[in-house]
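# Working through the structure, step by step
If you want the building blocks of each chain, they are given just below.
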2 protein chains.
Amino acid sequence: MPLAPRFDNEFRASFALLLAWRRDVRRFRRDPLPDGAIERLIALASLAPSVGLSEPWRFVLVEDEKRRQAIRRNFAAANAAALAAQAPERAGTYAQLKLAGLDDAPCHLALFADRSTEKGHGAGRHSMPETIEYSAVAAINTLWLAARAEGIGLGWVSILEPESIATILDVPREWKFIGYFCIGFPEAEDDTPEFERLGWEKREKPSLFLLRR
Amino acid sequence: MPLAPRFDNEFRASFALLLAWRRDVRRFRRDPLPDGAIERLIALASLAPSVGLSEPWRFVLVEDEKRRQAIRRNFAAANAAALAAQAPERAGTYAQLKLAGLDDAPCHLALFADRSTEKGHGAGRHSMPETIEYSAVAAINTLWLAARAEGIGLGWVSILEPESIATILDVPREWKFIGYFCIGFPEAEDDTPEFERLGWEKREKPSLFLLRR
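Turning our eyes to something else, we now look at the overall build of chain A. The number of helices and strands found in chain A is 7 helices and 5 strands. Taken from N to C terminus, the helices and strands of chain A fall in the order α-α-β-α-α-β-α-β-α-β-α-β. Whereas a compact globule of 213 residues would reach a radius of gyration of roughly 17 Å, chain A reaches 19 Å, a difference of no more than 12%. Buried residues in chain A amount to 48% of all 213 residues.

Below you can see the structure in the form of structure tokens.
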């Protein structure tokens, strides 16, 4: 067994900066990712925790332009429905938000969780089968940080109709759609979420969401 | 706006090591965490992405010994049910797995996702309300890495009955239980998951779970 690494204060400070400067990116430059970058990021993401070592993440690189167009149409329809559901006093602001970088991002990645996998032999899933989905979320969160450490941005698109996405991408019915991700070099970097900069919402003190029992 | 940080090759290599040496820990030393450590880790976790900046994570530090005992009993019952559901040829091995560090870990943390929060004004949730839960998962995955960078281990306990946990911890009904986490200093460190060391399951090549469409 190799010697366990020690992480020093300098690394921890840089890691805290990585967390603070990770962003949900919606404005991308069009330059492609470097060769091999997405495969390397997916390999790092695969070090994420998974329930019972089930590794239920299923990454789908969406390269076909017709499929990308279908995704864009699905987003437009889902976003129109989401706009219609906004309170009247916020609808005008909502309509002006840029919520996805589907036109410019060079890399489109969809993520599914395979609920039917027998990998892991059911360990940890019996009373909480949703841990399969949670494992896939841990993988994309890991990928997000690894990407940011390379200067690569990611934007999570959830304004989509999950059943339609599975159809567009022709994946098995047992795969649960987790999210669609635009990946590429960001136009700009920031330590403040766009939702906060635009006044949509602000972050609270972490202590507000900590209870003791 | 502060100047965006640059992450160099040395940081990226250390971050890859952090991912490789993160473990699901079930064997803890009994020493308490340093003062302020859990609050600091929760503050870092709160830098995680959340849908619409909804920050739906609700951290519950479980300090009361009677509640901890009730959690242990719930685990024992859920684990007995999970054992009964194992295939006969694997049940003997399953029974020997140590799946939680509830007796020794000095810090017990439960995590819920508040589905009823109006924070974020619904942005990103209309067609995929489960993104509320996914945001909480991103927070705990972030906390896990931040803890490991300080030499602190975390074990995710999912062998629990979610409704009962919400009752034991007396939290609002709208809060969805995400997971229960044992946190403390690990007895040992390793770069290989315990499930893999014990022959329960092995990791596959990441490329196996990557498709192109």
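Bringing the sheet that holds strand β1 (residues 57-61) of chain A into the picture now. Pairing in this open sheet of 5 strands is mixed, and the strands run β3(A)-β4(A)-β2(A)-β1(A)-β5(B) from one edge to the other. The sheet is open, and its two edges are formed by β3 (153-157) of chain A together with β5 (210-212) of chain B, each paired on a single side. Taken over all neighbouring pairs, the strand axes of this sheet differ in orientation by 30° on average, direction set aside. Of the strand pairs in this sheet, strand β2 (residues 107-114) of chain A and strand β4 (residues 175-184) of chain A are connected by 8 bridges, and their pairing is antiparallel. Considered in β4(A), the bridge of L109(A) is made with F181(A).

It is worth spelling out the interface of chain A and chain B at this point. Listed as interface residues are 84 residues of chain A and, on the opposing side, 84 residues of chain B. Within the residue set of the side of chain A that touches chain B, elements represented by two or more residues are α1 (9-21), α2 (37-45), β1, α3 (65-85), α5 (131-149), α6 (162-169), α7 (194-197) and β5 (210-212) of chain A. With 10 residues, the top contributor of residues to the side of chain A that touches chain B is α1(A). Where β5(A) lies against strand β1 (residues 57-61) of chain B, 3 bridges are found, and the strand directions are parallel. Looking at the pairing, R212(A) lines up with L61(B) of β1(B).

Turning our attention to the pairing of strand β2 (residues 107-114) of chain B. With respect to burial, β2(B) is a largely interior element, 8 of its 8 residues being buried. Residues of β2(B) alternate between two faces, with C107(B), L109(B), L111(B) and A113(B) on one and H108(B), A110(B), F112(B) and D114(B) on the opposite face, all of them buried.

Analysis parameters
Residues numbered from 1 in each chain as written. Chains lettered and ligands numbered in written order. Predicted model: local features only at pLDDT ≥ 70, side-chain atom pairs only at ≥ 80, totals over all residues. Helix = DSSP H or I, 4+ residues; strand = E, 2+ residues; numbered from the N terminus. Rg over C-alpha atoms; globule rule 2.2 N^0.38 Å. Buried ≥ 20, exposed ≤ 12 C-beta atoms within 10 Å, placed from the backbone. Pairing = 2+ DSSP bridges. Axes fitted to C-alpha atoms, helices over the stretch in contact; angles between N-to-C directions. Contact = placed C-beta atoms within 7 Å.

Keep in mind these numbers describe shape, not what the thing actually does.
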